[in-house]
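Residue-level listing of the chains:
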Amino acid sequence: QVHLVESGGGLVQTGGSLRLSCTLSGRTLSRSTMAWFRQAPGEEREFVAAVRWTSTTHYEDSVKGRFTISRDNANNVAYLQMNNLKPEDTAVYFCANGMGIILSSLRQRSAYDSWGQGTQVTVAS
């Protein structure tokens, strides 16, 4: 059984920062891909960032240069450091995990078989 739990969301002013954490259990983080998705009300869940077992990272264009995804394999934790936050970043952020995800599928929700419950990020204007 694979479980993921996110934390670190909250309310922040435009230009502020938040650091999200995701703790993985039931699976070896070092052999899997960790990703962050976000979903605003009435919108589809969209890809934000991913870090593969090789430690290579991938980002949605809108967050490049502002967000950083990282992983701590020893403690089975993935992070999303979010800087220079904008109101359009407001969403519920979900962490996700999957095994054997190829590059062409990295941005697809269906590629991930385990999801966290989500943590709310609200960026005030």
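Our subject is the structure that appears above.
Residues numbered from 1 in each chain as written. Predicted model: local features only at pLDDT ≥ 70, side-chain atom pairs only at ≥ 80, totals over all residues. Heavy atoms only, no water.

### Looking at the state of the cysteines
Link 1 in the chain: This structure, assessed with the given rule, holds 1 disulfide.
Link 2 in the chain: There is a disulfide in this structure between C22 and C95, and the S-S distance comes to 2.0 Å. With the S-S bond torsion at 60°, the cross-link from C22 to C95 turns out right-handed. Residue C22 is located in strand β3 (residues 18–25), and its partner C95 is located in strand β9 (residues 91–98); the two are separated by 73 residues in the primary sequence. The same class applies to C22 as to C95, namely buried. (Disulfide = S-S within 2.5 Å. Helix = DSSP H or I, 4+ residues; strand = E, 2+ residues; numbered from the N terminus. Buried < 20%, exposed > 50% of the residue type's maximum accessible area, 1.4 Å probe, protein only.)

### Let's talk about the packing of aromatic side chains
Link 1 in the chain: Applying the stated rule across the entire model yields 4 aromatic pairs.
Link 2 in the chain: Members of the aromatic cluster, connected to one another through ring pairs, are F37, F47, Y112 and W115.
Link 3 in the chain: Across from the ring centre of F94, 3.6 Å away, lies the NZ or CZ of R45, which sits over that ring.
Link 4 in the chain: Sitting above the plane of the W53 ring, R52 keeps its charged end 4.4 Å from the centroid. (Phe/Tyr/Trp six-rings, centres within 6.5 Å; stacked < 30°, edge-to-face > 60°. Lys NZ or Arg CZ within 6 Å of the ring centre and 35° of its normal.)

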